[in-house]
Amino acid sequence: MNRETKVFATLTILTTLGIVVCTLWPFAFFAPNRVSWLEKTNGVRLLSPAVLVTREPLNPMGSQIPDGPMTLEVWIEPSHADSIFTILDVFQTGKHLRFRLQQYFLGLVISHNILAPNGHPIRAKVDVNNVLQTDKVSFITITSGTNGTSVYVDGKHRRTFPYFRISQQDLSGRLSVGGSAFHLEPWFGEVYGLAIHAREFTAEEVMRSYQERAEVNSTNVDPGSLVARYTFSEHTGNVVHNQVSGGANLIMPKNFVVAQHSFLTAPWREFEPTWGYFWDVLRNVAGFVPMGFFICAWYYLSGRTKHAIAYSILFGAALSLSVELLQAYIPQRESGITDIITNTSGTALGALLASSRPMRSLLTRRRTSAASGNC
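Values in this document were obtained by computation on a predicted structure and should not be read as measured data.

Conventions and cut-offs
Residues numbered from 1 in each chain as written. Predicted model: local features only at pLDDT ≥ 70, side-chain atom pairs only at ≥ 80, totals over all residues. Heavy atoms only, no water. Axes fitted to C-alpha atoms, helices over the stretch in contact; angles between N-to-C directions. Helix = DSSP H or I, 4+ residues; strand = E, 2+ residues; numbered from the N terminus. Parallel < 35°, antiparallel > 145°, perpendicular 65-115°, else oblique. Left-handed = near helix turned anticlockwise from the far one by under 90°. Contact = heavy atoms within 4.5 Å. Nonpolar A, V, L, I, M, F, W, Y, C, P; charged D, E, K, R; others polar. Phe/Tyr/Trp six-rings, centres within 6.5 Å; stacked < 30°, edge-to-face > 60°. Buried < 20%, exposed > 50% of the residue type's maximum accessible area, 1.4 Å probe, protein only. Core = buried A, V, L, I, M, F, W, Y, C linked by side-chain atoms within 4.5 Å. Expected span 1.5 Å × (residues − 1). Arc of directions from axis to C-beta. Polar contact = N/O pair within 3.5 Å; in protein donor to acceptor, adjacent residues only side chain to side chain. Pairing = 2+ DSSP bridges. Salt bridge = Lys/Arg side-chain N within 4 Å of Asp/Glu carboxyl O. Patch = residues over 30% accessible without salt bridge, like charges linked within 9 Å, V, L, I, M, F, W, Y side chains within 5 Å. Areas by Shrake-Rupley, 256 points an atom, 1.4 Å probe, with all protein chains shown as cover.

Engineer: Honestly, the packing of helix α4 (residues 275-301) against helix α5 (residues 308-327) in this entry has me stumped. Any pointers?
Structural biologist: In a packed pair of helices, the relevant descriptors are the angle between the two axes and the axis-to-axis distance. Taken N-terminus to C-terminus, the directions of α4 and α5 make an angle of 140°; their axes are 9 Å apart at the nearest point. One finds that α4 runs oblique with respect to α5. The way α4 lies across α5 gives a crossing that is right-handed. For the pair formed by α4 and α5, the contact residues are F288, M291, G292, I295, C296, Y299 and Y300 on the first element and A308, I309, Y311, S312, F315, G316, L319 and S320 on the second. Class assignment for the residues of the contact of α4 with α5 results in 11 nonpolar, four polar and no charged.

Here it is, written out as structure tokens:
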């Protein structure tokens, strides 16, 4: 192997290693789930990354009314306010996200899916600004019924959205607390209680529930309206029991997981008509161009000109597929087919550049010159 061939072989190896590091970092395949029980009071502390999830739906609908009213109570203490964090998700396995409560700096974002006339889900959301404080306990109550959705904090009314409504169906799936079920959006802080009711609270009931918050509304409402209630009073183990008989328990996984993490997502599901999306596409193409060029050039310098382009593209496609398969097990990464297409396209572009007439002539001369020098 002559010096030029060694150089391109080394460049190929270094480029491949660089791609692996950039696409799989931080290699967190089995990151610990950083959830711990509070010692002096009922509750859990969530550090990054941390999550609690149910294995079954909160309510398989049963006798509940799909479009009926609901009330959600969440008793939390945020510890960060410098980004957007998902406090909880309610989702259905294999389907689009149904309900999400997020912290946006010191505000709240409430969102859910509605169906467009063509049958595709559209995200509807509302914002409530400046209602939280870091390192301060907040008792959030969200009620929804025929007159829209109202948000209360510490028993006090903050906003009403007449044309935004959350139904019992929105809260009928599996529950993820402390992070998104679909992306890495971990929430930081302490959780003291959570309850879901299959009816709309009045303002008086919201205040009474806040005043009795240590029991998360245990005496104020007919237990028949409860869908789920978690008091976080266990203080040990990896299960937060649902106080509703037969209801889904919250589980603390040993390792951090994104419940509905992407796995080779189809291109039409990943597509977004935004500059960010097209920038990612261009970046993924450009990132694999050097590797395609170096591999193809190495083949030409080695005298293996037959099928050099095809072998280069095959290597790039195989590397990209391997990366996307592994990314499905790293919470910080997304696994999609779009990246395989763009990465393979970048490899093909690099190989075509290496096989262009001027570059191929140069590589052939270098190979001939090196062979003559060795004689």
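Moving on, there is more to tell.
Engineer: Sorry if this is basic, but what is going on with the packing of aromatic side chains here?
Structural biologist: One pair of aromatic rings is described through two measures. These are the centre distance and the angle between the planes. The final tally for this structure, using the stated rule, is 15 aromatic pairs. Plain terms: the ring middles of F293 and F294 are 6.0 Å apart, the flat faces sit at 75° to each other, and that makes the pair edge-to-face. For the pair F293 and F294, a shared accessibility class is recorded, and that class is buried. Following the ring pairs from residue to residue traces out a cluster consisting of W75, F139, Y192 and Y210.

Engineer: Please explain the environment of V257 as it appears in this structure.
Structural biologist: If you trace the backbone, V257 turns up in the loop between β16 (250-251) and α3 (267-270). Given a relative accessible area of 34%, V257 falls into the partly exposed group. Distance from V257 to E39, taken between C-alpha atoms, is 25 Å for residues 218 residues apart in sequence.

Engineer: Any chance you could explain the nonpolar core here in plain terms?
Structural biologist: Buried together is how nonpolar side chains tend to be arranged in soluble globular proteins. With 47 residues, the main nonpolar core has L52, L101, L194 and F232 as its most contacted residues. Ignoring anything within four residues of it in the chain, the contact list for L52 reads V35, V44, L46, L175, S176, V177, F232, V240, L250, I251 and M252. If you look at the next biggest cluster of nonpolar residues, it comprises 22 residues, including F288, C296, I330 and A351.

Engineer: It is not clear to me how helix α1 (residues 3-24) should be interpreted in this structure. Could you clarify?
Structural biologist: An α-helix turns once per 3.6 residues; consequently, residues spaced three or four apart project the same way. Between its terminal C-alpha atoms α1 stretches 32 Å, which fits the 32 Å expected from 22 residues at 1.5 Å a residue. Turning to α1, its buried residues are E4, T5, F8, A9, T12, T15, T16, I19, T23 and L24. Each buried residue of α1 lies within a common arc of 150° when the element is viewed along its axis, so the set occupies one face. Of the exposed residues in α1, those oriented more than 90 degrees away from the buried face are R3, I13, L14 and C22.

Engineer: Teacher, can you tell me more about the side chain of S262 here?
Structural biologist: Relative to the assigned elements, S262 resides in the loop between β16 and α3. Residue S262 is classed as buried on the basis of its relative accessible area, which comes to 11%. Within the structure, the side chain of S262 is placed 3.0 Å from the side chain of E334, a separation counted as a polar contact. Among the polar contacts made by the side chain of S262, one reaches the main-chain amide nitrogen of S335 at a distance of 2.8 Å. Non-local contacts of S262, meaning those with residues more than four positions away in its chain, are made with A328, E334 and S335.

Engineer: Teacher, can you tell me more about the pairing of strand β6 (residues 99-104) here?
Structural biologist: Every regular strand shows the same layout, with side chains that alternate between the two sheet faces. Within β6, five of the six residues are buried, leaving the element largely enclosed by the surrounding structure. Across six bridges, strand β5 (residues 84-91) lies against β6 in antiparallel orientation. Directly across from I84, in β6, lies its bridge partner Y104. When β6 meets strand β7 (residues 107-115), the two strands line up antiparallel, connected through six bridges. Pairing of Q103 across the sheet is with L108, part of β7. Where β6 hands over to β7, the hairpin turn is made up of two residues, of which F105 adopts a positive phi near 55°.

Engineer: Help me understand the pattern of salt bridges, please; the structure alone is not making it clear to me.
Structural biologist: With the rule as written, the count across this model stands at seven salt bridges. A salt bridge links E205 to R199, with the shortest nitrogen-to-oxygen separation between them at 2.6 Å. Its relative accessible area of 11% is what places E205 among the buried residues. Through salt bridges that share partners, D89, R100 and E185 make up one connected network.

Engineer: Can you walk me through a nonpolar patch on the surface in this structure?
Structural biologist: Where nonpolar side chains cluster on the molecular surface, the patch consists of I84, Y104, F105 and L106 and spans about 330 Å² of accessible area. For F105, the position within the fold is in the loop between β6 and β7. F105 sits in the partly exposed class, given a relative accessible area of 37%.

Engineer: Is there a simple way to explain the environment of W279 in this structure?
Structural biologist: Relative to the assigned elements, W279 resides in helix α4. Note: C-alpha distance between W279 and W25 (254 residues apart in sequence) is 20 Å.

Engineer: When you look at the pairing of strand β13 (residues 189-197) in this model, what are you seeing that I'm missing?
Structural biologist: Of all nine residues making up β13, nine are buried, and the element is well covered by its neighbours. The sheet contact formed by strand β2 (residues 44-46) and β13 spans three bridges and is antiparallel. Each bridged residue has a counterpart across the sheet, and for L46 the counterpart in β13 is G189.

All we've got here are geometric facts, nothing functional implied.
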